[in-house]
Amino acid sequence: MIKPVINIFSENIYENWQVDEAKLIEIARSVLKYYMQRTDIYEKSCLYGQIYDTISFDILYCDGEKTHQINKEYRDKDYVADIITFAIFADTEPEERFIFDGEINLGEIMLALDKITKSAEEKGVTKQEELCFLIAHGIMHLLGFDHQTEEDYKFVVEAQKNALNKIKDKNV
């Protein structure tokens, strides 16, 4: 299996929670590596069968107002989302996927930190736990996984939990 360079770029435009972007990038990188090591995920992902040496994606930390705006503009949905994923590579037809200089750009994950804070309180988990759970979720979407059925949803959530438990054991 390919061991690519993983470039993750992040930006926080939400002023009320100064996330540790370097730490979250390392968590996201570890989650992606975990997913790529699992044959049942990798072989069903948009990366399978591709020739590349670098994978990149972006994470934008924002507020619910921004995800609401994006939802309305691009998805014709009128609600605040805690996460929006633009899976550029996965959502492109396989014959039209673009790899430049060996680099695959998976897309972007947008996270509404105010909504995540509220969700964490409702679920009784820390903000950091909820944020990491959604980052792991977004990466599954970037790899081409969706959850239109209950079975698919269970697969995605179980993969997220396993990835986070695995990296927690490594103190990432």
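The model shown is predicted, which means the values in this text are computed figures rather than measured ones.

Chemist: What exactly am I supposed to notice about the nonpolar core here?
Modeler: Inside soluble globular proteins, nonpolar side chains tend to come together where they are buried. Core analysis: the biggest nonpolar cluster contains 48 residues, and Y35, L47, F57, L106, L111, L131 and I139 have the highest contact counts within it. Listed by contribution, the elements that provide at least two residues to this core are strand 1 (5-12), helix 1 (21-37), helix 2 (39-42), strand 2 (54-62), strand 4 (103-112), helix 4 (113-123), helix 5 (127-142) and helix 6 (150-169). Looking at this core element by element, the count peaks at 9 residues for helix 1. When residues no more than four places from it in sequence are discounted, the contact partners of Y35 are I41, Y42, A136, I139, M140, L143, A159, Q160 and A163. L60, A81, I84 and M110 belong to the second-largest nonpolar core, a separate cluster that totals 6 residues.

Chemist: Quick question: what am I supposed to make of unusual backbone geometry here?
Modeler: Across residues other than glycine, the phi torsion is negative in most instances, and most of the peptide bonds are trans. For D76, which is not a glycine, the phi torsion comes out positive at approximately 55 degrees. As for its position among the elements, D76 is in the loop between helix 3 (64-75) and strand 3 (83-86). Judged by its relative accessible area of 73%, D76 is exposed. Positioned with a positive phi, D101 is a non-glycine residue whose angle comes to about 50 degrees.

Chemist: Just checking my understanding: could you explain the sheet that holds strand 4 for this structure?
Modeler: Each strand in a sheet pairs with its neighbour through backbone hydrogen bonds, running either in the same direction (parallel) or in the opposite one (antiparallel). The strand order 1-2-4-3 describes an open sheet built from 4 strands, whose pairing is mixed. Only two strands of the sheet have a single partner each, and these edge strands are strand 1 and strand 3. Between one strand axis and the next, the sheet turns by 15 degrees as a mean value, whatever way the strands run. By the bridge criterion, 4 bridges tie strand 3 to strand 4 in an arrangement that is antiparallel. Looking across to strand 4, one finds that T85 is bridged to I109. Against the sheet, helix 3 engages strand 2, strand 3 and strand 4, with an angle of about 45 degrees to strand 3. Together, strand 1, strand 2 and strand 4 form the strand contacts of helix 4, whose direction differs from that of strand 4 by roughly 65 degrees.

Each value, and the rule that gives it
Residues numbered from 1 in each chain as written. Predicted model: local features only at pLDDT ≥ 70, side-chain atom pairs only at ≥ 80, totals over all residues. Heavy atoms only, no water. Core = buried A, V, L, I, M, F, W, Y, C linked by side-chain atoms within 4.5 Å. Buried < 20%, exposed > 50% of the residue type's maximum accessible area, 1.4 Å probe, protein only. Helix = DSSP H or I, 4+ residues; strand = E, 2+ residues; numbered from the N terminus. Contact = heavy atoms within 4.5 Å. Pairing = 2+ DSSP bridges. Axes fitted to C-alpha atoms, helices over the stretch in contact; angles between N-to-C directions.

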